[in-house]
Amino acid sequence: MNGWIGRILRIDLTTGAVTKQPLLENDAVLFLGARGLATKIFTDEVPASVDPLSPENKLIFAPGPFTGTLAPSAGRYHVVAKSPLTNTIAGANSGGVFGAAVKYAGYDAIVFEGKAERPVYVWIKDGRVEIRDASHLWGKWVPDTTDLVRGETDDDASVACIGPAGEKLVLFASIQNEMHRAAGRGGVGAVMGSKNLKAIAVRGTGGVRVADVKALEAAVWAARAKLAAHPVAQGLNKHGTDILVNILNETGCLPTRNYNDGHFPTADKVGGESLTKEVLTRKKGCFACVISCGRVTRVKDPKFAGEGEGPEYEAAWGYGPDCGVDNLDAATKANHLCNELGLDSISAPATIACAIDLAESGVLPAKDFDGLDFRWGNAELVVELTKRIALREGIGDKLALGSYRFAEMYGHPEYSMTVKKQEIPAYDARGIQGIGLEYATCNRGGCHVKGYTIAAEVLASDNVRLDPREIKGKPALAKAFQDMTAAVDASGGCIFGTFGMVADDYAAMLSALTGVRYSAADYVKAGERIWNLERVFNLKAGFTAKDDTLPERVLKSPIKTGPSKGLVSRLPEMLPEYYSARGWTDQGVPSPEKLRELQLA
Amino acid sequence: MRVKYFGDIRPLAGIKEEEWPHLHPDLRSLLNTLGQRHAALRNRLFEGDQLSSTIIILVNGRSVDFLKGIETPLQPDDIVDVFPVEGGG
């Protein structure tokens, strides 16, 4: 095969059996790879009723066809399992170089099944696969684990691993590769921990066959030039994603103190401009990226001192305004801890924000404060709680279940800013209507990145600009972003590539790479197919249209201050049109005709 | 009127924000004056006589794309934000 390797690696951790199977060409053509291929394999093999932390759940790592090639900003991989946080399908995406290493080792996907009797790690050197004892690594943080595994295998191995949070089944534990890049959302790290799988080290020395080298080069250089010249790509390089703090705050849509408000007067202190000035040491890119939005950072303040990467916008918001904090050093330190301990840096701070809210409201009794000072703006608190969550110490043991289950324990789940029990991120859906529709309908629970309507509603997209306060056109917009993103994820791309490249660019590169002719419409259709396959799994898992909703606070409590004062989400007005645009029934179920059209039935 | 600068616009203006005591009937008039005051900024604000496609301007938190663009009328107590086009997530 071209573009695809043509091989799937299957590792049964219960029996230790390792098998290699051919990739079915039809699956590759229809589902592309990464998110699509892994979802296809997962939904074919795993019943929707599976307990996410049982050996019967599977954990699939998959790069895409672009991964490992020179396609610009397209070297990523996807992790699919059933999520212990949401009970939906989980799909977590990460950059770095791990995906390319898997490809060069000769695999389009690695499927982990069962559960090892004791902690293990897996060492993959091209065709050789070893399951090794990891007892000595259990309990180690991500940086030490990565160094030790490299020391025992190959200095050039790429390592994806869990930290203590994954071992201890924190429901929003991440999988970290190259220490600092995260497959962050949905608790895929807990699934890995439940299998006693501490790490995967990969060294690949093979390559990726290309159907038409000249055509690929032409398509890549054309797309690359467009992306590199785009002002958004250049802006991401200059200040990283944290640049968004100020524009969201000035719009009045920066969720503040657990969505009690949408405006934070001192937000600039945790924004990208401040980050560049105060903690940035250098910029860093993922495999084959022409943007390099990664931030290598160092904090000098002895209270929060350390080195690492990030924060991205979401974490700076979460550990900043969402907790009422305007201390960039603390937010940076807390983000470093998320990477070192293996935590999702959105759900972790948003869960902390919920706990502070419960405490400030008198719902969380002082006897449960675990000796800490629970109040808005306490920078030391958010750092300390991050550690306690990952290590499941004191109150951290309960917070490890995420904000929904935590707030529910105290009888007030409405304090949890979640959709399908996953924390919603850093764009206030009361003032930006389209993103609320994405939060409510995303197949992995509350998430912005799988249908980033913000690009058209706030960030002045080249193609379409829609007033964030209006609902007109938003159902079609959300669907278009969701389908395109699914295709980009499935082919190994980074969604930031879409700031400069369009479906025609991706289709031209994919056709030249694989030798399978994709039009722009075929490419987006693959994304729609994947979206529907995920939806069908969730429906089988018991979700219904009732779950496509937002926290009551976002629907009913207007933003209190700032430019978006008085606004609430108008989700109920948008949902019927969204279902209709998707070819679903009014109950959000894909129609038989739609499934046939997508070759899913 | 308060004018605030962000991203790589900020170093071009050499300042985070400034009070603007003069009355300007609309955004075009304000930007013309800002361009005269901060020479480095001028080329970022305009493409010909239109707003540059590389910036986003908010008036009281609303993108002027959804107001009246460069003809958006201004009041003395307005807050005007000047951003580069940017992205992330």
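The structure under discussion appears in the preceding block.
Residues numbered from 1 in each chain as written. Chains lettered and ligands numbered in written order. Predicted model: local features only at pLDDT ≥ 70, side-chain atom pairs only at ≥ 80, totals over all residues.

1. Brief notes about the overall build of chain B
So, step 1. Secondary structure summary: chain B contains 3 helices and 7 strands in total.
So, step 2. Its helices and strands in sequence order give chain B the pattern β-α-β-α-α-β-β-β-β-β, from N to C terminus.
So, step 3. For chain B, the C-alpha radius of gyration of 12 Å lies close to 12 Å, the compact-globule estimate for 89 residues.
So, step 4. Reported as C-alpha extents along the three principal axes, the dimensions of chain B are approximately 30 × 25 × 25 Å.
So, step 5. By the burial criterion, 39% of the 89 residues in chain B qualify as buried.
So, step 6. For chain B, contacts bridging at least 24 residues in sequence account for 57% of all contacts bridging at least 6. (Helix = DSSP H or I, 4+ residues; strand = E, 2+ residues; numbered from the N terminus. Rg over C-alpha atoms; globule rule 2.2 N^0.38 Å. Buried ≥ 20, exposed ≤ 12 C-beta atoms within 10 Å, placed from the backbone. Contact = placed C-beta atoms within 7 Å.)

2. Details of the sheet that holds strand β13 (residues 280–284) of chain A
Residue and element names in this part refer to chain A.
So, step 1. An order of β13-β14-β15 is seen for the 3 strands of this open sheet, with the pairing classed as antiparallel. Taken across any chain shown, the strands that pair with only one partner, and hence form the sheet edges, are β13 and β15 (306–309). Between one strand axis and the next, the sheet turns by 15° as a mean value, whatever way the strands run.
So, step 2. Here strand β14 (residues 294–299) pairs with β15 via 4 bridges, running antiparallel. (Pairing = 2+ DSSP bridges. Axes fitted to C-alpha atoms, helices over the stretch in contact; angles between N-to-C directions.)

3. Quick notes on the interface of chain A and chain B
So, step 1. Chain A puts 30 residues into the contact, and the matching count from chain B is 20 residues.
So, step 2. Per-element tally for the side of chain A that touches chain B: the top contributor is helix α8 (residues 231–239) of chain A, with 6 residues.
So, step 3. Class assignment of the residues belonging to the side of chain A that touches chain B gives a composition of 16 nonpolar, 9 polar and 5 charged. (Nonpolar A, V, L, I, M, F, W, Y, C, P; charged D, E, K, R; others polar.)

4. Examining the packing of helix α7 (residues 213–229) of chain A against helix α20 (residues 503–514) of chain A
All names here are of chain A.
So, step 1. Remark: α7 packs on α20, axes separated minimally by 8 Å, with the N-to-C direction vectors making an angle of 155°. Comparing the axis directions of α7 and α20 gives the class roughly antiparallel. For α7 against α20, the interelement crossing comes out left-handed. Across the interface between the two elements, Ala215, Leu216, Ala219, Val220, Ala223 and Lys226 of α7 pack against Asp505, Ala508, Met509, Ala512 and Leu513 of α20. (Parallel < 35°, antiparallel > 145°, perpendicular 65-115°, else oblique. Left-handed = near helix turned anticlockwise from the far one by under 90°.)

5. Thoughts on helix α21 (residues 520–540) of chain A
Helical periodicity: at 3.6 residues per turn, an α-helix aligns residues three or four positions apart in one direction.
So, step 1. Along its 21 residues, α21(A) runs 31 Å from first to last C-alpha, staying within 8% of the 30 Å computed at 1.5 Å per residue.
So, step 2. Positive phi shows up at Gly542(A), right after α21(A), with a value of about 110°. (Expected span 1.5 Å × (residues − 1).)

6. Considering helix α2 (residues 34–45) of chain A
All names here are of chain A.
So, step 1. Here α2 spans 16 Å end to end across 12 residues, near enough to the 16 Å set by a 1.5 Å rise per residue.
So, step 2. In terms of burial, α2 is largely enclosed, as 9 of its 12 residues are buried.
So, step 3. Residues of α2 that are buried include every one of Ala34, Arg35, Gly36, Leu37, Ala38, Thr39, Lys40, Ile41 and Phe42, and no others.

7. A word on the environment of Glu152(A)
So, step 1. Considering the arrangement of structural elements, one finds Glu152(A) in helix α4 (residues 142–152).
So, step 2. Separated by 291 residues in sequence, Glu152(A) and Asn443(A) have C-alpha atoms that sit 39 Å apart.

8. Quick notes on the pairing of strand β9 (residues 158–161) of chain A
All names here are of chain A.
So, step 1. Side chains Ser158 and Ala160 project from β9 onto one buried face, and the interleaved Val159 and Cys161 project onto a second face that is buried too.
So, step 2. When β9 meets strand β12 (residues 197–203), the two strands line up antiparallel, connected through 4 bridges. Opposite serine 158, over in β12, you have valine 202 as the bridge partner.
So, step 3. Pairing geometry for β9 and strand β10 (residues 175–177), over 2 bridges, is antiparallel. By the bridge assignment, cysteine 161 is partnered in β10 with glutamine 176.

9. Observations regarding the pairing of strand β3 (residues 59–63) of chain A
Residues and elements named next belong to chain A.
So, step 1. Taking burial as the measure, the 5 residues of β3 include 5 buried ones, the bulk of the element.
So, step 2. Here 3 bridges tie β3 to strand β6 (residues 109–113), and the two strands are oriented antiparallel to one another. Looking at β6, one finds that isoleucine 60 is bridged to valine 111.
So, step 3. Two strands pair when backbone bridges link them, and β3 and strand β4 (residues 77–82) are joined in this way by 4 bridges, in the antiparallel orientation. When the bridges of β4 are listed, proline 63 appears paired with tyrosine 77.

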